[in-house]
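The chain contents come next:
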Amino acid sequence: MVQFCQMKSLLAIVFRFLITFIVADLCLTMAWIIGAALDHGLDSVRLVLGGVLVSAMPASVVAAIFISFFLVNRLYSSRIAGYAVLAAVSAAAAAGAGLLVRFFGAAFGSDVSALPSLYKPVAEWFRRVSVASWAEFSLGLGTFALMNAACWSLTRLSRNRPLFGAFVAPGAALAALYLFSIYLSGPADAVFRLAGIDLSRTMTTSALATCTTLGLVLFDALFAMKPAGAPRHG
Amino acid sequence: MAERKPAYMAVALALFAMAFAIGFLIALASIGHSGVLFRFAVSWESIKAALAIAGWAPAILLVASALAMESSEAHDGFTGAAAQVLAPALILAALVSIFYLLVVPALAERKTRYENKSQLFVDSLRGAEEALQTGSLEVAARDMLACAAIDALDERYVELNERVQKSLVVAKAAKADKAASSKPPAPSRTEDDDWAEANRFYLEALRARAEGRLFDAHYLAKRSAAIYSKRPEVRRLVNETWNDLQRLGPSAEQRGEAALYKRKLEGYERFQEGDFLTAYRIYSELASEVGGDADIAAYLKRSAEGLSTIAFFTEEDVRAFSRFDGGSFKISVTSLDGSVAILTASRIAIADEAVYFRNILYTRTGSEPVRVRAPFARLHGDTLLLRAVDRDHPDMVWEPTYETAAGSGFALRLPFNQEDAARVHWLSGAPSDIPINLLATGIEDARRYGLKTEPLQVELAGRMAYPFAVLILALLGAGLGIRFKPTVPPSTATKYLTAPIFVALAIAPIQMVEDAGHLAARAMATWLSPALFIPAWLGFLGACVVISLFVSARIAGRSVR
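Residues numbered from 1 in each chain as written. Chains lettered and ligands numbered in written order. Predicted model: local features only at pLDDT ≥ 70, side-chain atom pairs only at ≥ 80, totals over all residues.

**Quick notes on the overall build of chain A**
- Regarding its fold elements, chain A presents nine helices and zero strands.
- Here chain A has a C-alpha radius of gyration of 18 Å; the compact-globule value for 234 residues is 17 Å, and the two agree.
- If you line up chain A on its principal axes, its C-alpha atoms span 50 × 45 × 30 Å.
- A burial count over chain A gives 44% of its 234 residues as buried.
- Across chain A, the fraction of contacts at a sequence separation of at least 24, relative to all contacts at a separation of at least 6, is 78%. (Helix = DSSP H or I, 4+ residues; strand = E, 2+ residues; numbered from the N terminus. Rg over C-alpha atoms; globule rule 2.2 N^0.38 Å. Buried ≥ 20, exposed ≤ 12 C-beta atoms within 10 Å, placed from the backbone. Contact = placed C-beta atoms within 7 Å.)

This is the structure we're talking about:
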């Protein structure tokens, strides 16, 4: 019975994640395509549609994982179990999207001109890492997925005021993407070079994402409340 | 169990007060970088604070709604709970929307005006300083006029204006000296010629004296002496006729009156000839010398009236710009014959009686093309006057420069009138500054005058969306409040202390949604016909409200009953 409940919880999370992921991807694609069509004419839609659809996936993973945090808060009382589930769905989604680009990338096209300038580095990184060696593929997408999952603690800042988590989450999702784009920038590389470490851009980004993940998990252990574990209202 | 009434209004009003205070503090901190003149500082800061309220109002309504429902003990699901918060939320949403739609554009326009005026003041001050250094006193005087219209008490203006006025006086004196010294010398004559000429005047003087014409006798004797001064009988005649005049002639006062009369007559002649500017100069000079003369006052007024048909006074321009400064301006009108008239100006001021421009360029295509520039211009009805006169110093005149052979004169008949210019000015300014009534009715006019209509449609869509947005956010806030109830209800102090943090957290995501809405409005404005735009947009907003109602119910954990 316990196993059935756990299975049911997991399926609920996966289902919520997938639905949110698809909806977010479609919404983001539509918004960015409309922007491109307004700026460059309707003819440009055909050229950039595939590229934008694929490029929106990292942002969709972030949106979906943040929405899933609240369901995990309600269904899991163990941090470890929660993180495991979140890391798994996040990594699976990122890997799935990466594989899609790896094997069918050419069919989608690679025009990312329609994307907002702040998001372009993330989209370009996603395409680059998707077609890189399997080691870089796993490391890049895995650390990205883990960093997103580690943001779970931000929705449990206060047990007395769960509303805090609800208000922090949207901003935190935007901040996570922004932070990741900073990790992809030149200054982040420069930090490593300054320390005498010569790594590729993918590796430095993974290293910084891992550090962020560890920091967030540490924050969770020290300050965040334990997940409630069961639906309290409704 | 008795239900605690959600303190929606109290939380919302407290947050609005906090928003005003924070907005004012931010404005206070940023005024140093804004370049706004000290004269406008307090008004500008207050407006910035009021605009901050308008900008943060959606987030405030969301948070107020969430906090109210978070503390409520409603247990009949979303519908019942939402009803509790919706009544005050709707009232507040209506009030905030009215504020946003009717007051905010006027405030935004005033803020822009303060910023433009401050910028114009600084630019004019810099321009005057440079013109003074290069000796372009006319340009310096013009820039000083612009400064005076904005803030005549500013220390920088007072100091520079003193220097400019001094230079003007020096230049005027130098000009007068030069004119005096450049008079051609009289042609040389022989002594015999002079004697003969002088003798003729002498004989005429004697005849005039014999006939009792003492003025003529003295005048002719003086002329004779002036031509040939060596004859003592002539000098004697001059003295004798002068003595006769002194005995019989008018007093010094009468002579002064005669001179005054002569000047008045000269002014009158200029007035009759239609040279209103010279007439005005003569009468204004006489008015400053002789106050209270009825003729001078009457003809000064009439010459000013006459002058107003071919020029206007810069004081009108200064007065208009002191009340209003609309920044740059452009209007393009295509007539039925296919000719295109384009008027551009660096500045525009709209007054009740006329519209004033600075640094205009007017071009008209067609069979008789015209291209003219002028530093000042006034549009009254459909007549554009291109000559400006300084009332206090009528010597200072700013005139148009025609770059085509076809044009001439100081007045032009335009294919649009002052109302059209004012309307185009409003519609071509920042869309956020346009009053809602003009925005709703002016899009067609904007199309006719060659302006881009898409920004206006998008702004109209944004204004229309505001009441829907605050309603949607109040609903979502209610859903969040019910869904994320605290284990222990927070104290009032905690609630009020944490509320600004919630508002700050909500601003960025709301901004993103606003950007998406802006994109949707742009898409509809671009791809739909003007007739379909508003119904489609209202339909879209209605759909958003319905979706948000279901989403809120879903977040709250209950379905809508």
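From this point, the narrative continues.
**Quick notes on the domain arrangement of chain B**
- If you check the domain split of chain B, you get domain 1 (1-177 + 453-561), domain 2 (191-249), domain 3 (253-307) and domain 4 (326-431).
- Taking only C-alpha atoms into account, the centre of domain 1 of chain B sits 88 Å from that of domain 2 of chain B. (Domains from an automatic or database assignment.)

**Topic: helix α14 (residues 436-448) of chain B**
Residue and element names in this part refer to chain B.
- Across its 13 residues, α14 extends 19 Å between first and last C-alpha, which sits within 8% of the 18 Å expected from 1.5 Å per residue.
- Looking only at α14, the buried set comprises Leu 439, Gly 442, Ile 443 and Ala 446.
- For α14, the elements touching its buried residues are α13 (418-428) and α15 (454-483).
- Positive backbone phi, at 75 degrees, marks Gly 450, one or two positions downstream of α14. (Expected span 1.5 Å × (residues − 1).)

**Topic: the interface of chain B and chain A**
- Chain B puts 23 residues into the contact, and the matching count from chain A is 17 residues.
- Every element with two or more residues in the side of chain B that touches chain A is listed here: α2 (41-71), α15 and α16 (492-527) of chain B.
- If one sorts the elements of the side of chain B that touches chain A by residue count, α16(B) sits on top with ten residues.
- Taken together, the residues of the side of chain B that touches chain A sort by class into 14 nonpolar, four polar and five charged. (Nonpolar A, V, L, I, M, F, W, Y, C, P; charged D, E, K, R; others polar.)

**Topic: the packing of helix α7 (residues 162-183) of chain A against helix α9 (residues 201-222) of chain A**
Residues and elements named next belong to chain A.
- The interhelical angle for the contact between α7 and α9, taken along N-to-C directions, is 140 degrees, at an axis separation of 9 Å. With respect to α9, the axis of α7 lies oblique. α7 and α9 meet at a crossing whose hand is right-handed. Across the interface between the two elements, Leu 179, Phe 180 and Tyr 183 of α7 pack against Thr 205, Leu 208, Ala 209 and Thr 212 of α9.
- In terms of residue class, the contact of α7 with α9 is built from five nonpolar, two polar and no charged. (Axes fitted to C-alpha atoms, helices over the stretch in contact; angles between N-to-C directions. Parallel < 35°, antiparallel > 145°, perpendicular 65-115°, else oblique. Left-handed = near helix turned anticlockwise from the far one by under 90°.)

**Looking at the confidence of the model for chain B**
- Of the residues in chain B, 93% reach a pLDDT of 70 or more, and the chain-wide mean stands at 84.
- Across the assembled chains, the prediction reports ipTM 0.86 with pTM 0.72. (pLDDT = per-residue confidence, 0-100.)

**Focus: the pairing of strand β5 (residues 370-380) of chain B**
Residue and element names in this part refer to chain B.
- In terms of strand pairing, strand β4 (residues 355-364) meets β5 through nine bridges, oriented antiparallel. Opposite Leu 361, over in β5, you have Arg 373 as the bridge partner.
- Connecting β4 to the antiparallel partner β5 that follows it, the hairpin turn spans five residues, and Gly 366 within it adopts a positive phi of roughly 120 degrees.
- In the sheet, β5 pairs with strand β9 (residues 401-402) via two bridges, with the strands oriented antiparallel. Of the residues in β9, the one forming a bridge with Val 372 is Tyr 402.
- Alignment of β5 against strand β6 (residues 383-385), held across three bridges, turns out to be antiparallel. Its bridge partner being in β6, Arg 378 is matched across the sheet by Leu 385.
- With antiparallel pairing between neighbouring strands as the criterion, β5 and β6 make up a hairpin whose turn holds two residues, including Gly 381 at a positive phi of roughly 65 degrees. (Pairing = 2+ DSSP bridges.)

**What to know about the nonpolar core**
- Counting 200 residues, the largest nonpolar core has B:Ile60, B:Leu61, B:Val63, B:Ala64 and B:Val470 as the members making the most contacts within it.
- Counting residues in hydrophobic clusters, the runner-up holds twelve residues, among them B:Phe201, B:Ala217, B:Ala225 and B:Val238. (Core = buried A, V, L, I, M, F, W, Y, C linked by C-beta atoms within 7 Å.)

**Some words on the environment of B:Ala225**
Residues and elements named next belong to chain B.
- For Ala 225, the position within the fold is in helix α7 (residues 214-227).
- Its 20 C-beta neighbours within 10 Å are what place Ala 225 among the buried residues.
- Once residues lying within four places of it in the same chain are set aside, the contact partners of Ala 225 are Val 234, Arg 235 and Val 238.

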